[in-house]
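Chain and residue survey
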Protein chains: 2
Amino acid sequence: MAKSEKISEAVVRRLPIYLRYLSYLQQVGVATVSSQQMGKNLDVNPAQIRKDLSSFGDFGKKGIGYDVNYLVEKIRQILKLNEEIRVALIGAGHLGHAISNYNAHVEDYMRIAAIFDNDPAKCGKVLAGITIQPLEELVETVQRQKIRLAIITVPASAAQSVANLLLEAGIEGILNFAPTTIRADRDVRIHYADVTSSLQSLAYYLT
Amino acid sequence: MAKSEKISEAVVRRLPIYLRYLSYLQQVGVATVSSQQMGKNLDVNPAQIRKDLSSFGDFGKKGIGYDVNYLVEKIRQILKLNEEIRVALIGAGHLGHAISNYNAHVEDYMRIAAIFDNDPAKCGKVLAGITIQPLEELVETVQRQKIRLAIITVPASAAQSVANLLLEAGIEGILNFAPTTIRADRDVRIHYADVTSSLQSLAYYLT
C-alpha cells in the first residue's frame, strides 16, 4: 500500500494546522500540551486530534499530554519538511502578488524560487525579490532549479496550458488556484485551492 | 450521528471538483459519463469516484455510467447549493481583489454580498461592484443581509479580531486565507486555505 493511501487526506490537511500551533507554543516556551488545549485553540475536536496523531505513532502521555518539541519534529518529518522544497509560482496578477508577499513568512525549507507570467510587461520585474520570467523559460528553470511544487494563479483559460508545461518539466505537485479542473497525463498530485470549490465544500457544513 | 460526521471531509472537498466537470459536460450537451472518463479528466482514481458518489446513493448504471443532469442535481443538493448563500469578504488587499474579481464567475447561488476593510482609504471605494465598508459596520451588515459564510484575507495579525466580529455576527463558516489559526468560542466551521498550509499538505505526497 502506498504511503499516500495509508493516511487520509483530511488528516494530511489538518497536520499543517497542528504544526503551526505547536510551532507557536515552541516559540513561547511551552513544553507540553494536551489534546484538550489544542482542540480549544484550533477549533478541532480533541478526540479527533488524538486520533489523527495516533495514526503516526504513540506521541502522547496520558494525563500529561504531548511533548511539543517532539511533536513538531515528528509532524515535520511526516510532512517531509526537513528538506528544502522549491516552489514555482505561475501568474503574477493580484493573487500571485498576494501569495508571493507571504513568501517571506514561509519557513525557509519551503520557498518560492521562481515566478512566471506570460505578460511581457511583467517579465523582468521583481516580485518579492524574484525576477518574473516568461513562460518560455519555465521548463528549463524548473528542471535546473530542481523545483518540485507549483502554484497556479493564472486565469482559468490559461491553467491547462501552464499545467502542461509544469508536467513536461517534471513537477510533482500542483496547488491550483484557477477555478478550473486540470487534466494530467501522468501521476502528479493536484490540490484545488480556488475560492469557488473551497466555498462549496464549506457550504456542505451549513445547517 | 451528525451529517457532517457521516461523510469524510476529503469527499466533501472532491465534490465541487466533480460538480465543476459535470456542469461543463452539461453545458456541452453530454448526457452520460463513466467513472473512467471522469477519472481521466479530473486526475482522480475512477474507483475513488465510484466510492465517493456511492456514499450518497446509487447513481451510476453499470456499463452505461452516470446521468450527468441527475448527478449535477444530486451534488448540488448534497452541497446545499440550491439556495442562495451570501458571503462576506474581509480584507481588500491583493488577495481580496483577486477573490472578488472571481466573483462574477461564482454561480449566482453563492456570491460575495459585502466587502470590509479597516483602511479608511479603501472604505467607500467599489470593488467588483460592491462598496467596501469599514469593519465597524460588519456585525450589522452581516446580520441584516443574512450573510452565512465569510472569507478572511487580512494579514495574520488581524485575523483573530476579524473572526471575533464574524462570530459575534453569527457567521456559520469561515474560509481563512490568513496564515494563522483562528480560535472560536462557539461552533463554527473553519477551513484553512492559506498557501503555507496548502503547500505543506501537498509536500506530504512528494515521493
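All of these numbers come straight from a predicted model, not from anything done at the bench.

With that out of the way, let us pick up a nonpolar patch on the surface. Residues Tyr-24, Val-28 and Val-30 of chain A make up a contiguous nonpolar surface patch of about 260 Å² in total accessible area. By relative accessible area, Val-30 of chain A is classed as partly exposed at 31%.

This part covers the relation of the copies chain B and chain A. Superposition record for chain B on chain A: RMSD 0.0 Å, screw rotation 180°, translation along axis 0.0 Å. Overall, the copies show the geometry of a two-fold rotation axis. When the interface residues of chain B are mapped onto chain A, 99% of them are again interface residues, pointing to one common binding face.

A separate point is the side chain of Asp-194 of chain A. Position of Asp-194 of chain A among the secondary structure elements: in the loop between strand E10 (189–192) and helix H9 (195–204). The class of Asp-194 of chain A is buried, set by a relative accessible area of 1%. In this structure the side chain of Asp-194 of chain A is engaged in a polar contact, spanning 2.8 Å, whose partner is the side chain of Ser-197 of chain A. With sequence-adjacent residues up to four places away left out, Asp-194 of chain A is seen in contact with Asn-176, Phe-177, Ala-178 and Pro-179 of chain A together with Arg-20 of chain B.

Okay, the packing of aromatic side chains next. Tallied over the entire structure, the rule returns 4 aromatic pairs over all chains. Seen in terms of ring centroids, Tyr-204 of chain A and Tyr-205 of chain A are 5.0 Å apart; in terms of plane orientation they differ by 90°. Their pairing is edge-to-face. By the burial criterion, Tyr-204 of chain A is buried, and Tyr-205 of chain A matches it. A cation sits over an aromatic face here: Lys-80 of chain B above Tyr-204 of chain A, 5.2 Å from the ring centre.

This part is about the interface of chain B and chain A. Of the residues lining the interface, 69 residues belong to chain B; the matching set on chain A comes to 68 residues. Here chain B packs against chain A, burying approximately 6700 Å² in sum over the two surfaces, 64% of which is carbon and sulfur. Our count for the contact surface shared by chain B and chain A stands at 13 residue pairs in polar contact (both at pLDDT 80 or more). Ranked by residues supplied to the side of chain B that touches chain A, first place goes to helix H9 (residues 195–204) of chain B with 10 residues. Split into classes, the residues belonging to the side of chain B that touches chain A amount to 39 nonpolar, 15 polar and 15 charged.

Let's shift gears to the domain arrangement of chain A. Residues and elements named next belong to chain A. What the domain assignment reports for chain A is domain 1 (9–78) and domain 2 (85–199). Distance between the C-alpha centres of domain 1 and domain 2: 30 Å. Taken together, the contacts link 4 residues of domain 1 with 4 residues of domain 2. For the domain 1 and domain 2 pair, buried surface summed over both sides reaches about 320 Å², with 35% attributable to carbon and sulfur atoms. The interface formed by domain 1 and domain 2 includes 1 salt bridge. Taken together, the links from domain 1 to domain 2 amount to 1 residue pair in polar contact (both at pLDDT 80 or more). Examining the composition of the side of domain 1 that touches domain 2, we find that 3 residues originate from one element, helix H2 (residues 9–27), more than from any other.

Below, the discussion takes up the pattern of salt bridges. One pass over the full model with this rule turns up 21 salt bridges over all chains. Between Arg-14 of chain A and Glu-9 of chain B there is a salt bridge, with its nearest N and O atoms 3.7 Å apart. Taken as a pair, Arg-14 of chain A in helix H2 and Glu-9 of chain B in helix H2 (residues 9–27) lie in two separate chains rather than in one. Where Glu-172 of chain B meets Arg-148 of chain B, a salt bridge forms, and the shortest distance between an N and an O atom there is 2.8 Å. Taken together, the residues Glu-172 of chain B in the loop between helix H8 (156–169) and strand E9 (173–176) and Arg-148 of chain B in the loop between helix H7 (138–144) and strand E8 (149–152) connect sequence positions 24 residues apart. Judged by its relative accessible area of 27%, Glu-172 of chain B is partly exposed. Given the relative accessible area of 16%, Arg-148 of chain B is considered buried. One salt-bridge network, held together by shared partners, links Glu-9, Arg-13 and Arg-189 of chain A together with Arg-14 and Asp-52 of chain B.

What counts and what doesn't
Residues numbered from 1 in each chain as written. Chains lettered and ligands numbered in written order. Predicted model: local features only at pLDDT ≥ 70, side-chain atom pairs only at ≥ 80, totals over all residues. Heavy atoms only, no water. Patch = residues over 30% accessible without salt bridge, like charges linked within 9 Å, V, L, I, M, F, W, Y side chains within 5 Å. Areas by Shrake-Rupley, 256 points an atom, 1.4 Å probe, with all protein chains shown as cover. Salt bridge = Lys/Arg side-chain N within 4 Å of Asp/Glu carboxyl O. Buried < 20%, exposed > 50% of the residue type's maximum accessible area, 1.4 Å probe, protein only. Least-squares fit on C-alpha atoms with pLDDT ≥ 70 in both. Contact = heavy atoms within 4.5 Å. Helix = DSSP H or I, 4+ residues; strand = E, 2+ residues; numbered from the N terminus. Polar contact = N/O pair within 3.5 Å; in protein donor to acceptor, adjacent residues only side chain to side chain. Phe/Tyr/Trp six-rings, centres within 6.5 Å; stacked < 30°, edge-to-face > 60°. Lys NZ or Arg CZ within 6 Å of the ring centre and 35° of its normal. Buried area = accessible area lost by both parts, 1.4 Å probe. Nonpolar A, V, L, I, M, F, W, Y, C, P; charged D, E, K, R; others polar. Domains from an automatic or database assignment.

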